[in-house]
Structure formats: structure tokens, C-alpha cells
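Chains, contacts and geometry: an overview
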Amino acid sequence: MYRLQAIAEKFSLALEGDQNIEIDGLCGLSDNLPGCLSFITQSNQRKDAQTSQIPAFVTRHEEPIAGKACIFHTDPEYAIALIARLFEPTKLSWEGRIHSSAIIHTTAVIAPDATIGPFVVVGRDAKIGAHSTLYPGVVVMDRVRIGAHCVLYPNAVVREDCVLGDYVSLQPGAVVGGDGYGYVARNGAHIKIPQLGNVVLEDEVEVGSNSTIDRGRFTATRIGRGTKIDNLVMIAHNVQMGEQCLIVAQTGISGSTKLGDRVTLAGQVGVTGHLNICDDVTVLGKSVVAKHVLRPGTYAGIPIRPAEQWRRAVAKFYSDSKPDE
Amino acid sequence: MYRLQAIAEKFSLALEGDQNIEIDGLCGLSDNLPGCLSFITQSNQRKDAQTSQIPAFVTRHEEPIAGKACIFHTDPEYAIALIARLFEPTKLSWEGRIHSSAIIHTTAVIAPDATIGPFVVVGRDAKIGAHSTLYPGVVVMDRVRIGAHCVLYPNAVVREDCVLGDYVSLQPGAVVGGDGYGYVARNGAHIKIPQLGNVVLEDEVEVGSNSTIDRGRFTATRIGRGTKIDNLVMIAHNVQMGEQCLIVAQTGISGSTKLGDRVTLAGQVGVTGHLNICDDVTVLGKSVVAKHVLRPGTYAGIPIRPAEQWRRAVAKFYSDSKPDE
Amino acid sequence: MYRLQAIAEKFSLALEGDQNIEIDGLCGLSDNLPGCLSFITQSNQRKDAQTSQIPAFVTRHEEPIAGKACIFHTDPEYAIALIARLFEPTKLSWEGRIHSSAIIHTTAVIAPDATIGPFVVVGRDAKIGAHSTLYPGVVVMDRVRIGAHCVLYPNAVVREDCVLGDYVSLQPGAVVGGDGYGYVARNGAHIKIPQLGNVVLEDEVEVGSNSTIDRGRFTATRIGRGTKIDNLVMIAHNVQMGEQCLIVAQTGISGSTKLGDRVTLAGQVGVTGHLNICDDVTVLGKSVVAKHVLRPGTYAGIPIRPAEQWRRAVAKFYSDSKPDE
């Protein structure tokens, strides 16, 4: 629990109204909880805010809320993201910085302030950086390098030779470096091509629960700095992804495809292999990308077209088949 | 192995025919296995039943099968579901009710008849209810509450503060309470919004293998009583799902969407965020729900329409493009 | 590191050019790495090969590359798949063949040359074959039989009674034998039908990261010899799959469907239940199979048609809705 004034001071933000309010959590406007700090991002939310039980809001300077304590920030949602860190509960702890049950190869190097949970395994010549946390059941295989401030949630797996930068997080069950799906046909059978490459996750990459990123065949599968991957996403071998991409749940990207920076793929998108998608492309949910995308813009469809064209085609598809009236 | 009479008596069901048949398992009609008890649900299956090797059937009173021992029930498939419990094999056991390798926080409360497997971790102030089983590799983080008669299969993960009711099951690798996919844009980067909420799974919810249910941003993601979730399903943060829903494999539901009761989403459906889907809606496989659904019924399509309209549109889509004949 | 001559000799292949080149890895032509052995499969790659930094190639006899050392094989990609095994790095090792932390039921039979990692659990009457490896966190439940030369990567789970042939691999987090999604409606609730069957993976089946294969209701879900399953694939209960199939990422196959031999389902395909798909069928990505497929060929669409018909329909779908010009 924090006094509102303490929150404002911690982030050097202007505060108007009762600075002694005790804040015991955060909530959305529609959650309407007493004792919470909330926020608004649009001026038309002011009325609901005013009539809510919520005692305090983060809002823009030009949009104070009558009768409520207000903390001001030009980007209230960003401010809330920062303030939220104050309210993060404990997650799981264990005896000792490195739990006595963890199996750590004698050649592995664990930074003096990393924490390693029960039943974790760390392989030969692996490195775990400062302030990183490996939760129970995490397996980190030979020569893996994990940077500083990383969080690997329970039962995440990082296979041999993969590299995680700083501030990388893997949600539970995420798999980094599984074998790519590579076979060569021979006498009616599929012969496995050993997958000798690795996966590189640059700084600030986040990977959702049970997502899988396959190792490259000979070289690296690479995810650029700041890219965020949601749950149950599949990234195939040798994909090269730029920075600050958003890859939403259940999307799949086939082998060797290259994405530029700031590419957003909404949920359940499928991308075929060996394609180039340029910077600043957004693909709407469920779409199929089967050709190169060389111009920034918003695309949709199976297969994709500029989103407006897809919408027109769908409208016609349904209107053409209306029953006789 | 059970004598047929013992089965009939155990469930107080009427039996006709040789009550001394030894039953060593159950099978479907097409499996056609001697020594098994099977069932029929349609009158047109009687002929195949009669000529099969199967010695005994559950059937409706009005549909006895000549030459076969018959147990009668108004709903034979339901009766078989009950009888099947007699034939469940052992799954896995270990020394001691709580295996000596499990790491259980001193403040956690384990009901006297719960069983905890090897390499399980249970966090601070967590509670595990009566008759619940945590299989090996399960991780239950701080303050999690698990009701009675729950089964958590190997390597399932329940993150901090999540709540499971009674008779909840998680298949292997299911993840409950992973971080929601929440970021705010700031200077060209995606800033993580800490996900402070939790997940509530009400009584009798079942979650399939490797499915993921994300914790709410500030409050709860909630799955209503009796809802069954298949494998590789993704439920995003703050989804509110009603009772007795069926969410089939590889379906994804985006953030803050609300489903009523008895909603069925077939396989690979995608639902966008912040929608309302009313009670008694069925959406066929692969469909996209991109708007509110305010009337009960069966829907299909990308995006959805009433299923009949989708079928007509698809028929026209293909007929229009037939090659010249 | 290998001298080129040693590689050629090991596989009895003809070699032309500098046989003393030291090879420290493999690469693709576009990787263009010095010190590596690469390969070409098409004659139009010869020019790029010639001007690359790569010192040595596998190529067809009739396509030597001027200025480069060449190893000859009629199928260069196949040769590279074999040679790649020489360059596989260590993955993870531990003290003792069977790590002291593993919990193995006294009735389980572990072949004298199988290796079992830390925090593995093996159930009652289970059998682990010769040269098989169970990586950390793997759980193998009661009566499971695993053949020879199998590899189960970290945190894979095999539930009770399932059977794996020889040379089967499970990537991290794969789940074999989770409960099928079987319920019977009763008084407005979904009553679970206990899933008494198992999963049989025949020889040389490979299963990708976090894929799930459900156990049959009464009998087996079966995957035929040599079939390769990619990541995040869902195979429902009682599916019967033939030999040498390729099931690409995020595809889902519903209950009791039968696939013949050499069926290829590209990424994100959905197949409804109780269907028959004959031998030698290919279904392109994102398609929906909702009827039997009785003729070999290539299909696409939602729902599928012969691929050419789908392409024509899509072309018309988009051309019909072009804006007025």
C-alpha cells in the first residue's frame, strides 16, 4: 500500500487533490474499485471517472477529473505501466540464491546475483547474467548464454548454443532452440537434417507461454531487439525478425522468412517461408502472407491484400449470396 | 476385470442376458473387440452390434440387441462415461503422499489427503485442496489456491495468485496465469505493462495440454464453471467466460472479450478483443469473430455470419470460378 | 574440425580439389562463411558458389564448381544431412548414466545403455530402450514403452500406456497421451468420458516442440512410421495416421480422422473429425478439410478444393471487388 503522494514523488509527477489517499492497487476504469489508482486516456472517459468509486487517476494535464485526486502525465497509460511495478506481488522464492537441488555444470558461469530455482538444469559452459532469474524446472542446455535481468518462468527450455540478450523474458513452457523442421526426401522416407544453428533473442525480447522458436539449420534464427512474441506462436528455423515487432498469439512464421522492424502480425496469421516483409507492415488477424510484402501498410486476407481491398472483397462475397428477397 | 453383473449392480442398471460375462475393458462398436463392453446410441447400429464379436452392450431399453448381453440406460454414452471410471488404469505413483523431493513453502497448506509428486514446487501461502493430485514437475507459485479433487498433470504451471476451484484438471504443460500481452508504445519501443491480475478457473473447468490462459492486467481472467478447454487454446488477459462453454483446440480469444454460457467455439476459431458473445452461440471451425454476437445461433465464416449465409457464400465463391465447360 | 578428405572418406564420396581444407562447420550458400562446407542443388547456384568465400561444396557430379573443392553426390542435400551429423555439438550431459535425482519405479526396465537425466520420472512397468535419452524434466508415466534410439527433450511428457517405437524423438514440451476431448452432455453439463486408450508412435516418428497428441478414448491414437510432426500441432483422440506424413506447424486434426500414407498438411490446416484422407494428398496452408478426400492431389481452400480451383476462386474474389477505375 502506498500513499498517493509517495507514488507521485517516486516518479516526479504533479499531483492535485488529496495526496493522503492510500492506494492498494491499480484498476481499469470499468473495474471501478475503491482503494485503487486508475487512469484515463480519452477525454470522453472523464464523466465515468468522475462518477466512479475510484479515488485517484492518472490523466493528462489538460483533463483533470473533478472530485478526484489526479496525477498528471502526458501519457497516462505509460505512467501506469511504470507505477504498476510498485504493486507487483512476490512470485516464488526458495532457500538460497541458487537452490541446492539445481544441477549446474561445473563449467557454467552464474553471475553472483542471478537466482536459480529448484530443479533447474544448466549445461556445460552456459552463462547466466546478473539479476537473471531461472524459475523451477527451467532447462538451459550446453553453451547457452543468458544476459542480465532475464526472467525464465517455470519449465521454459533453452536448447544448446542459444543466446538471450539482456531483459529477455520467457513465459512458462516457452521453447527456444528446438530442432527446425528440416528433412530431405530419400527413398520414400524423410531423412532428418541435423539442425546445427541456434536462436538469438536480442535485448528486451519477450516470448509468451508455450511459444516455440526453432534453431537455424546451420546459422541463427534471430529475433530483433524489443520484439514481443505472444503465446503459442511458432517461429521456424532461420527466420530473421527485426526490432520492435509484435507477433500476436498463435501466429506462425515459416522457415527463412525475414521481417523488418516494427512489423505487427495479429493473431493466427500464417506466413510462408523465404519471404521478405518490409518495415512497418501490419497484418490483420487470421491472414495468410504468401508473397513478399515490399510496402509498409496494413494488410488482410487469405492471401493478403491491402486491408481496404480485403474488406471490399468480403463485403461483396457476402452480398452476392444474399437470399432472394 | 469385472463380471457384467457387478457393473450393472454398481450403477443400479437393468441387465438382460448372460450376467457372468467377464469384461476386461470398453470399446467402440467399430473397435469390435471380444471381452469388451460397448454401447450404441442409434437404432441403426443394432445390426452391426449383433454381428460383432463384442459380447455386451449398453443400449436404450427399447433397443435390445439380439444375442448380446445388454445393460439398459436412457443415455448409453453417459452410462459408458460412468462405467469407464472402473477401468481407469493407474497413472503414476510415488513413495509417500508428498514425495520427499517436492519443495513446498513452509507457509503453504496442503490438505491431508492431497498428493504431491516428485519435483513439484509449491509457493508461499499456496493452498492445495483435499484429494487433489499434483504430478511431477508441476509448479504452483505464491498464493495460488487449488480446490479439492483437482488433477494437475506433469509440468503444468500455475503462476502467482491464480485460483482453481474444485474438480479442475490441467493436462500436461498447461499454463495458467502467464503474463498477458500488454504493452504501451513509448519512443518507438514497447513498454511492458506489469500484469497484476490473476486467473480464476471455476469448479469443473478442464484445460487441455499446452493450453495457455493469461492473467488479467489488473483483475481476473475468469473461466466459468464446467467450461472445457481443449489443447493449445489461447485465452488472453481479462477474458470473461461463462459456464459450460466448449473451446476446441487451437482457438484463440483476445483480451477482455466476454463469452456467455454454453458458448461453443470449434477448432482454430479466432475472436478479437473487447467483444461480447451472448449465451448459446456456436461458432464453427476456423471462423473469425470480429464483432459482438448478440443472438444465439450457429455462426461461421471469416468473418462470421449465420452459418447458412456462410455456406451460400462459399458455394457461390466456388461456382463462380468454375472453368468454362 | 575435419579435413575435407576425412569427410569424403567417411562417406565414401568422390572429392576433387584441395583435400586438405579444414572444415569447421556447414553453411548454406547465402550464409557465405569461410571455413564451411556448403552444397548446391541447382545448376543456377554455381555462379554464386564460385564467387563465394565458401571453400568447399557438395554438388552433383555433372556440376563441379570452378575454383572450389567439390564432394560429389547425386543428392547433395541428402549428403549434407549425413555429413551434418559429424558437426552436432554436445547438448547436455550429467553425472552418471542415470542421474541420481531421477525417480524410476522399481519395476521399470531401463536398457543398460539408455541415459536418464536429472529430475526425470519413470513410472511403474515402463520400459526405456537401448541408446535412448531422456533429458531433464521428462515424465514417463506407468507402463509406457519407449523403443531404442529415442530422444525425449526436456520437459516432454508421455502419459500412461503410450508406446514409442525406435528412433522416435520428442522436442521440448511435447505431450503424448493427454486426455482426449471427450464429453457427454447430461443435464446441461459436460460429463467427462474417461480416456482409456493410448498413443502409439511408430518407428522414426518425430514430434515438434509443444505439440500435443491425445490418447484414444478406448483404443489407440496411432501415428505411422516415419511421419514427422512439426511444432504446436494438435492430434486429437483416435486419429489414425499413415506412414511418412508431414504435418506442419499449428495444424490440427480432429478426432477419429484417418490419414493415409504420405499425406502432407501444410501449416495451420484444420481437419474435422471422422474423415478419411487417402494416400498422397497434399493440403496447402491454412486450409480446412471438412469432407473425405478420396483422390490423391493437391488441395487448398476454406473448405478445400483442388488447389487450382481455389486459386481461380481467390483471383475472382479479389478482381470482382476492384474499385471503379
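The rules behind the values
- Residues numbered from 1 in each chain as written.
- Chains lettered and ligands numbered in written order.
- Predicted model: local features only at pLDDT ≥ 70, side-chain atom pairs only at ≥ 80, totals over all residues.
- Heavy atoms only, no water.
- Helix = DSSP H or I, 4+ residues; strand = E, 2+ residues; numbered from the N terminus.
- Buried < 20%, exposed > 50% of the residue type's maximum accessible area, 1.4 Å probe, protein only.
- Contact = heavy atoms within 4.5 Å.
- Areas by Shrake-Rupley, 256 points an atom, 1.4 Å probe, with all protein chains shown as cover.
- Lys, Arg positive; Asp, Glu negative; His and termini not counted.
- Charge placed at Lys NZ, Arg CZ, Asp CG, Glu CD.
- Least-squares fit on C-alpha atoms with pLDDT ≥ 70 in both.
- Buried area = accessible area lost by both parts, 1.4 Å probe.
- Salt bridge = Lys/Arg side-chain N within 4 Å of Asp/Glu carboxyl O.
- Polar contact = N/O pair within 3.5 Å; in protein donor to acceptor, adjacent residues only side chain to side chain.
- Phe/Tyr/Trp six-rings, centres within 6.5 Å; stacked < 30°, edge-to-face > 60°.
- Lys NZ or Arg CZ within 6 Å of the ring centre and 35° of its normal.
- Pairing = 2+ DSSP bridges.
- Axes fitted to C-alpha atoms, helices over the stretch in contact; angles between N-to-C directions.
- Domains from an automatic or database assignment.
- pLDDT = per-residue confidence, 0-100.
- Disulfide = S-S within 2.5 Å.

**Thoughts on the overall build of chain A**
Per the secondary structure count, chain A includes four helices and 39 strands. In terms of principal-axis extent, the alpha carbons of chain A reach across some 80 × 75 × 30 Å. For chain A, the residues scored as buried account for 62% of the 325 residues in total. Here the analysis covers contacts within chain A between residues at least 6 apart in sequence; of these, 17% occur between residues at least 24 apart. Surface summary for chain A: the accessible area is close to 12,000 Å², and the carbon and sulfur share equals 48%. Each charge sign in chain A was given a centre, from 31 positive and 34 negative side chains, and these centres are 8 Å apart.

**With respect to the relation of the copies chain A and chain B**
If you rotate chain A by 120° and push it 0.0 Å along the axis, it lands on chain B with an RMSD of 0.0 Å. What we have between these two chains is a three-fold relation. When the interface residues of chain A are mapped onto chain B, a mere 19% of them are again interface residues, pointing to distinct binding faces.

**Let's talk about the interface of chain C and chain B**
The interface of chain C with chain B comprises 68 residues on the first partner and 58 residues on the second. Buried surface at the junction of chain C and chain B, both sides included, amounts to about 4,900 Å², of which 63% is carbon and sulfur. Area buried by chain C at its contact with chain B is led by C:Tyr181, C:His190 and C:Phe218, which between them contribute 15% of it. Our count for the chain C to chain B interface comes out at three salt bridges. Linking chain C with chain B are 29 residue pairs in polar contact (both at pLDDT 80 or more).

**As for the packing of aromatic side chains**
One pass over the full model with this rule turns up 27 aromatic pairs over all chains. Pairing A:Phe317 with C:Phe317 gives two aromatic rings, centres 5.9 Å apart and planes at 80°, and the pair type is edge-to-face. Pair noted here: A:Phe317 is in helix H4 (residues 307–319) and C:Phe317 is in helix H4 (residues 307–319), and the two residues belong to different chains. Given a relative accessible area of 13%, A:Phe317 falls into the buried group. Look at B:Phe119 and C:Phe119: their rings are 5.3 Å apart centre to centre, the planes differ by 70°, and that puts the pair in the edge-to-face class. Remark: C:Phe119 occurs in the loop between strand E10 (115–116) and strand E11 (121–122) and B:Phe119 occurs in the loop between strand E10 (115–116) and strand E11 (121–122); the pair is interchain, linking two chains. We classify B:Phe119 as buried; its relative accessible area is 6%. Among the aromatic side chains, those forming a connected cluster through ring pairs are A:Trp310, A:Phe317, A:Tyr318, B:Trp310, B:Phe317, B:Tyr318, C:Trp310, C:Phe317 and C:Tyr318. In this structure, B:Arg305 is placed above the aromatic ring of A:Tyr318, and the distance from its NZ or CZ to the ring centre is 4.1 Å.

**Quick notes on the pairing of strand E26 (residues 220–223) of chain C**
Residue and element names in this part refer to chain C. Sheet topology note: the strand E23 (residues 198–201)/E26 ladder contains four bridges and is parallel. Bridge pairing in E26 places Leu201 opposite Ile223. Sheet analysis places E26 next to strand E29 (residues 240–241), joined by two bridges and oriented parallel. In the strand pairing of E29, Arg222 is matched with Gln240.

**Describing the sheet that holds strand E27 (residues 228–229) of chain A**
Residues and elements named next belong to chain A. Overall, mixed pairing links the 11 strands, which are arranged E10-E13-E16-E19-E24-E27-E30-E33-E36-E38-E39 in an open sheet. Each edge of the open sheet is held by one strand with a lone partner, namely strand E10 (115–116) and strand E39 (304–306). Two strands pair when backbone bridges link them, and strand E24 (residues 206–207) and E27 are joined in this way by two bridges, in the parallel orientation. Directly across from Glu206, in E27, lies its bridge partner Lys228. Helix-sheet contacts for H4 involve strand E38 (297–301) and E39, and the interaxial angle to E39 is about 110°.

**Topic: the environment of A:Gln195**
All names here are of chain A. Looking at where Gln195 falls in the secondary structure, it is placed in the loop between strand E22 (189–192) and strand E23 (198–201). Note on Gln195: relative accessible area 4%, which makes it buried. Once residues within four sequence positions are removed from consideration, Gln195 is found in contact with Asp179, Gly180, Gly182, Arg215, Gly216, Arg217 and His237. For Gln195, the side chain forms a polar contact with the side chain of His237, separated by 2.8 Å.

**Observations regarding unusual backbone geometry**
The step from A:Ile302 to A:Pro303 runs through a cis peptide bond, and the omega angle for that step is -5°. Residue position: A:Pro303 is located in the loop between E38 and E39. One non-glycine residue with positive phi stands out, namely C:Gln250, at about 65°. Locating C:Gln250 in the fold gives a position in the loop between strand E30 (246–247) and strand E31 (252–253). You can call C:Gln250 buried: its relative accessible area is 8%.

**Comments concerning the domain arrangement of chain A**
Examined at the domain level, chain A breaks down into domain 1 (2–87) and domain 2 (156–311). The C-alpha-based centres of domain 1 of chain A and domain 2 of chain A are spaced at 38 Å.

**As for the interface of chain A and chain B**
Note on interface size: it is often stated as the accessible area lost on association of the parts. At the junction of the two partners, chain A supplies 58 residues and chain B supplies 68 residues. Summed over both partners, the interface of chain A with chain B buries about 4,900 Å², with 62% contributed by carbon and sulfur atoms. Considering only the surface of chain A that becomes buried against chain B, A:Phe119, A:Lys286 and A:Tyr318 emerge as the three largest contributors, covering 14% of it. Across the contact surface, chain A and chain B share three salt bridges. Where B:Arg186 meets A:Asp75, a salt bridge forms, and the shortest distance between an N and an O atom there is 3.9 Å.

**Here's the deal with the relation of the copies chain C and chain B**
Once chain C is rotated about the relating axis by 120° and shifted along it by 0.0 Å, it coincides with chain B to within an RMSD of 0.0 Å. A distinct binding surface is used by each copy, with only 16% of the interface residues of chain C retained as interface residues in chain B.

**Structural notes on the side chain of B:Thr212**
Tracing the sequence through the fold places B:Thr212 in strand E25 (residues 212–214). With sequence-adjacent residues up to four places away left out, B:Thr212 is seen in contact with A:Ser209, A:Asn210, A:Asn231, A:Leu232, B:Val175, B:Val233, B:Met234 and B:Ile235.

**A short note on the pattern of salt bridges**
On inspection of all chains with the given rule, the structure shows 53 salt bridges over all chains. Between C:Glu160 and C:Arg159 there is a salt bridge whose closest N-O contact spans 2.9 Å. According to the relative accessible area criterion, C:Arg159 is buried, its value standing at 0%. Within the structure, one salt-bridge network assembled from shared partners comprises A:Arg159, A:Glu160, A:Asp179, A:Lys192, A:Arg215, C:Glu206 and C:Lys228.

**Looking at the confidence of the model for chain A**
A residue-level look at chain A finds 99% of positions with pLDDT of 70 or above and a mean pLDDT of 97. Across the predicted assembly, pTM comes out at 0.97 and ipTM at 0.97.

**Some remarks on the side chain of A:Asp179**
Counting through the fold element by element, A:Asp179 comes out in the loop between strand E20 (175–178) and strand E21 (183–186). Sequence-distant contacts of A:Asp179, that is, excluding residues within four places in its chain, are made with A:Arg159, A:Lys192, A:Gln195, A:Asp214, A:Arg215, C:Tyr153 and C:Gln171.

**Some details on the sheet that holds strand E7 (residues 69–72) of chain A**
Residue and element names in this part refer to chain A. Strand order in the open sheet formed by five strands is E2-E7-E6-E5-E4, and the pairing between neighbours is mixed. Each edge of the open sheet is held by one strand with a lone partner, namely strand E2 (15–16) and strand E4 (25–26). As judged from the three bridges shared by strand E5 (residues 36–39) and strand E6 (residues 56–59), these two strands associate in the parallel manner. For Leu37, the partnering residue across the bridge sits in E6 and is Ala56.

**A word on the environment of B:Asp166**
Residue and element names in this part refer to chain B. With respect to the helices and strands, Asp166 occurs in the loop between strand E18 (163–164) and strand E19 (169–170). Distance in space between the C-alpha atoms of Asp166 and Leu201 is 9.1 Å, their sequence separation being 35 residues. When near neighbours in sequence (up to four residues on either side) are disregarded, Asp166 contacts Gly147, Ala148, Cys150, Asp203 and Glu204.

**Some words on the state of the cysteines**
As enumerated under the stated definition, the model contains zero disulfides over all chains in all. A:Cys36 takes part in no disulfide bond, and the closest cysteine sulfur, belonging to A:Cys27, lies 4.3 Å away.

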